[in-house]
Amino acid sequence: MNPWTMGLHRVDTCVLLIHLSLQVVWSWDKVVFLNPPDEPVSGYPLRVAYSCDKPTLVQLECIVSFDTGKTSMVLQRNWNCEPGPTRVHTLILRLPDWLVYKPDWAVPVSQWVHTAMLRASLRDHGSTFSHGTSFAQRAVAVLQTAPPLSRPLKQHRLCLDWRIQMLTKTTAMPKCPSEQVTAHLLSSIYASAGENYGVMRTLQPYNSEVLEHLRLKAVSFPWCALSMWMFLTQYCQQRYCGLLYHIDSSSDYATPTLFLTDTGQVHIQMHGGSAVSSAFLCAFQMPLGQWCRLHMELRGRKVDVTMVCLDGEQKSVYFAQHIFTHHVELNDTDGYVVIGGSQYANGIKGYYGPMVYYRNQIPPLTTSEEVLVPGSISKTNLTGWLQSCHNLQSELRVKTSQYLQDRRRIESETSSFPEICMGAYCQWRLRLPRPVPQCGSWEHPSVPRRRHALQLSKSLASKQGGGELDLAAVGQALYSLSVRLLDQGRNTEVVAKILPLLLQAGCLGNNQALHTASVIYRSGLGVCLQPDKALQLSLLGAQRNSRLALLHLGHLYHLGESGITPDLDLAYAYYSHIAKQTSSDRLKPSPQQTYVESVYLNNEEVLRLQTNENHDLFHWLKLQARNGAADAEQAVARMLFWGQQGVSPDIHTAVKHYERGAVRLEDPTSMYDYAIVLLLGHGVQKDIPRAVMFLKKSAEQGFTPALNALGWYYERFEKEYELAVQLWEQADAQGSPDAAMNLGVMYAQGLYPGQPADQFKAYQYYQKSAQRGHVDGAIQLANVWTMGLRGHIQRRPANAVLWAKWAAEHNGYLGMNLRKALNSYFKGNMLMSLLYYLMVAESGYATAQFNAAYLCEHNTGGFLSPAYAAQCMRRYYNLTIRSQDPDPYALIRMGDLLSEGHKGRRDVAAAADMYKQAALRGDPQGWYSLGLLVQAEQKVPLPVLAQLGLAELYVADSSVLLSVLYHRCRDSNGTADSYLPCSLALFSAYMQSLQRDCTETFTLTGSVALAVVAPPILLLVLRSLRGRGSLHL
């Protein structure tokens, strides 16, 4: 053995002996709870065992954390500890009443507590506790807390003072509860496309016995008023359109019911006893293009109606009065009220403004001069927009018409110098020998920003052969021009330049332009934020049935943003509209639609699977399909039919692949798909007998969807309900969402053989279908929850909104915008990619919100200003984490932003909560980020640790908490990407702990021990690392 090895061996031996001797010394320090209580109990005899190696202080504390994130410490007792054997100290716990008991006359407040624990620790005399304080020994016992009203009542031993006794016997001064005396049925503007969708409201009985008595007494003699604002863009296409109507619990019309006729007259209907109803028509006609306030007062059998319409600064007033021959009944808590359309009637084409229902009261009479326009109407300024659009359309028509006339005249002349209108500069350049005639009024230069619109109008009119100008075609051309200019731009400066083109295209009926401009104003991309302008454009688009505008308004009133109060019933009206359109759109595939794919830009694996018609991956799949691979045949057909994974929709080619898989390969999936397109006639001539043949073959091979489709055929074409139900029951047992949906319809319509109509049974099948991922099942389930089911289900507007939103987000037009965004991303055009993602993000789709934030965060090529990039990233990550299932990366980034602070404000508690949510979703970065907070000497809130199952570590040393966090980081998943950094962080935590322990050791052994022990410890660590040899950087 050489001298170096022998010396190293002796040093190791010394270090080992020192370590063992220190263990013996440190083993004298001990503190343990012998009988800790399970819950907070006052007067409990607690036994504590303790020992120490030097005179110290034993301190017992109760640590309490609240739901607000704050923590409180209550000192219980402390006593001295002298060196010697283990002793047991018994003390009586005296916990505060607000922690132990429910509130009463002597305990006025009982606090809500998140977590409570007892802690006993040994500390030096004179030391004070602060965060990061290290204790040699401690004991912790977690107490299970109960809600305040679930705690025991304190048995007071003192007699009450006479004054207190009198106060407890005296009834407290009553406080008037908040009553819905004036019901605001609609506080903002609702855009109606004239279809059977609307806003549903319910009213509750009064809490006050007096008011409720008066309401019930007035049922047979109503005394109330109703005020509503409306804006008509077109008269009803049917005989009646719904304004506001009351549906009772028997699904009959009740008092009041107001319709608008196809001639613009108001139809008012009242219901009396014994199923007697009658109505009258107001003599006046509601004008188009004006905001009108309809005010109706009901006094028993007498009805007074006043309508005030605004035309600029002019006000027109109309009156009507009617007395019914029968008595009128009004029970406003029975059933519900509908604003707009429903299954009973379509809504108007236009807008519903604020509506107020005065229950059991009539407001003071106001003159026409005193009628004030609501703020929601004046801010959106729809009339101003429509007037500007009318002016633009008139200018284009007049100038284009005159241009065509002049062109025909010029063409008929034989002169070599046709008499065309030119400016002075052109005259000078051409040096014409004869004067040019003066320009007509129609040829005067238009507004500079309308130059492109006029040029496109002239060009399209010339191509159409001089017929009537197609304004919609001009609008589409303007939108295409704006997109082309945006595509050529590489920063946000181009946005402000093309915005006038988008607004003009929107004026000419292009919904895509309206929504694009609305998103630009709401997001502030290249322009100043203008939420009121954005809302105006969204309302205009929704009134024209724009899918993305409907989604955006549903999202806006669901969450509430930009000063808009959340309104679940209004959000459901928009979501249900687009959800039902989604159901019908899926039956009508088109190149403008594609499958909605949730592709996150930070997921490299999914991005690599994206392809197109010219990509190698797609060609390889086609080759495999030609070689007889059924899976490849299915994949190619699916991509082409639905436009998945970046492939453009091509239904006719997709059908050929379905046919080849069905006929040549006899693949059950392809046979089913081919049968469906034959049944519906998508991309091929309808052939029902052949479709049934393939369905039977597919079903014989055990393909569950084929069983459902056969049931649909027998129910729809053969009317064999028993056979259809038998097939659906079989498919439902195998988990078919379509079969569950069909069985629900059979029960709802009373078509189930041998069973009466059963709405609750139908609801159960709808719920099963929706949970399996069926869009129509979700729509029906949402409809049940928004209305309730008498005797079975209460109204659940929040649940109804979530299911309708989920169904709406499967719309193919939304999918097309997602596809355009991803294609632009692959091409490196980050501006267009961001714009398309913003168009979907503002509709509430979480994936688009995440991708918009991701693009702003990385800001590739600096196409965004740093200020906007930071604001955009914060806004859309914040929206992402508010979704039902947020992406862990968004939670991590939002936590980082909260931890770093914004405008000088940091929120470490909120950041820790973000990291916690990511950790609970299996993301190791969540554990790692929590560890970084601890390393930065930030206190992790007790509620966060409790939800992670680490409540006992709240009072532990930071190194212990660090090691646990990094252990979980390392073990949270099996990927090497997280294992190495988490292992290094864990090693770093061990090294810090070792350094601290060595420091304490050197304090005990003196400076000589430091000189002897430090080098061997370093050598031991190095030898350990050399021995492992598995950590590579």
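Up top is the structure these notes are about.
Residues numbered from 1 in each chain as written. Predicted model: local features only at pLDDT ≥ 70, side-chain atom pairs only at ≥ 80, totals over all residues. Heavy atoms only, no water.

The subject of this paragraph is the packing of aromatic side chains. Following the criterion strictly, the structure yields 33 aromatic pairs and no others. Residues tyrosine 50 and tryptophan 79 carry aromatic rings whose centres are separated by 5.9 Å and whose planes lie at 65° to one another, so their mutual orientation is edge-to-face. One end of the pair, tyrosine 50, is in strand 2 (residues 45-51); the other, tryptophan 79, is in strand 4 (residues 71-81), with 29 residues separating them in the sequence. Accessibility classification places tyrosine 50 together with tryptophan 79 in one group, the buried group. Aromatic ring contacts, followed pair by pair, group Tyr240, Tyr245, Tyr253, Phe259 and Tyr344 into a single cluster. For arginine 359, the ring lying beneath its charged end belongs to tyrosine 206, and the centroid distance is 4.5 Å. Here the basic side chain of lysine 939 rests over the ring of tyrosine 954, its NZ or CZ set 4.2 Å away from the ring centre. (Phe/Tyr/Trp six-rings, centres within 6.5 Å; stacked < 30°, edge-to-face > 60°. Helix = DSSP H or I, 4+ residues; strand = E, 2+ residues; numbered from the N terminus. Buried < 20%, exposed > 50% of the residue type's maximum accessible area, 1.4 Å probe, protein only. Lys NZ or Arg CZ within 6 Å of the ring centre and 35° of its normal.)

Counting residues in each nonpolar core, the largest one holds 252 residues, and the members touching the most others are Val305 and Tyr574. Considering each element in turn, this core owes the most residues, 11 residues, to helix 28 (residues 830-841). Discounting residues that sit within four places of it in the chain, valine 305 has contacts with Ile268, Phe280, Cys282, Phe284, Leu294, His295, Met296, Tyr318, Phe319 and Ala320. Listed in part, the 28 residues of the second largest apolar core include Val64, Leu91, Val100 and Ala141. (Core = buried A, V, L, I, M, F, W, Y, C linked by side-chain atoms within 4.5 Å. Contact = heavy atoms within 4.5 Å.)

Our focus in this paragraph is the state of the cysteines. In the structure shown here, the tally under the stated rule is 6 disulfides. Disulfide partner of cysteine 292: cysteine 309, at an S-S distance of 2.1 Å. On the sign convention where negative is left-handed, the bridge of cysteine 292 and cysteine 309, at about 110° about the S-S bond, is right-handed. Taken together, the positions of cysteine 292 in strand 16 (residues 291-299) and cysteine 309 in strand 17 (residues 302-311) put the pair 17 residues apart, joining distant regions of the chain. In this pair, the class of cysteine 292 matches that of cysteine 309, namely buried. (Disulfide = S-S within 2.5 Å.)

All right, on to the sheet that holds strand 4 then. Strand order across the open sheet formed by 4 strands is 4-3-6-7, with antiparallel pairing between neighbours. Unpaired on one side and paired on the other, strand 4 and strand 7 (138-143) mark the two borders of the sheet. Strand after strand, the sheet turns through a mean of 15° between neighbouring axes, direction not considered. Taken together, the 10 bridges between strand 3 (residues 56-65) and strand 4 define a ladder with antiparallel strand orientation. If you follow cysteine 62 over to strand 4, its bridge partner there is valine 74. (Pairing = 2+ DSSP bridges. Axes fitted to C-alpha atoms, helices over the stretch in contact; angles between N-to-C directions.)

One can describe the packing of helix 9 (residues 471-488) onto helix 10 (residues 493-507) by two numbers: an axis separation of 8 Å at closest approach and a directional angle of 170°. Taken together, the axes of helix 9 and helix 10 lie roughly antiparallel to each other. The handedness of the crossing between helix 9 and helix 10 comes out as left-handed. Contacts from Gly475, Leu478, Tyr479, Leu481, Ser482, Leu485 and Leu486 in helix 9 reach Val494, Val495, Ile498, Leu501, Leu502, Gln504 and Ala505 in helix 10. (Parallel < 35°, antiparallel > 145°, perpendicular 65-115°, else oblique. Left-handed = near helix turned anticlockwise from the far one by under 90°.)

Glancing now at helix 10. The largest bend in helix 10 amounts to roughly 35° and is located at leucine 499, with the proline proline 500 lying one to four residues further along. Counting buried residues along helix 10, 12 of its 15 residues qualify, which places the element largely inside the surrounding structure. The set of residues buried in helix 10 consists of Val494, Val495, Ile498, Leu499, Pro500, Leu501, Leu502, Leu503, Gln504, Ala505, Gly506 and Cys507. Looking one or two places after helix 10, you find glycine 509, whose phi comes out positive at around 100°. (Bend = angle between axes of the 7 residues up to and from the residue.)

Further remarks concern the pattern of salt bridges. Evaluated as defined, the whole model comprises 26 salt bridges. We note a salt bridge from lysine 154 to aspartate 97, for which the minimum N-O separation is 2.9 Å. Of this pair, lysine 154 sits in the loop between strand 7 and helix 3 (162-169) while aspartate 97 sits in helix 2 (residues 97-100), placing them 57 residues apart in sequence. Its relative accessible area of 25% is what places lysine 154 among the partly exposed residues. The partner of arginine 875 in a salt bridge is glutamate 842, and the shortest N-O contact between them spans 2.7 Å. Taken together, the residues span a long stretch of sequence, with arginine 875 in helix 30 (residues 866-881) and glutamate 842 in the loop between helix 28 and helix 29 (846-858) at a distance of 33 residues. Each member of the pair arginine 875 and glutamate 842 is classed as buried. Through salt bridges with shared partners, a single ionic network connects Arg201, Asp567, Asp569 and Arg795. (Salt bridge = Lys/Arg side-chain N within 4 Å of Asp/Glu carboxyl O.)

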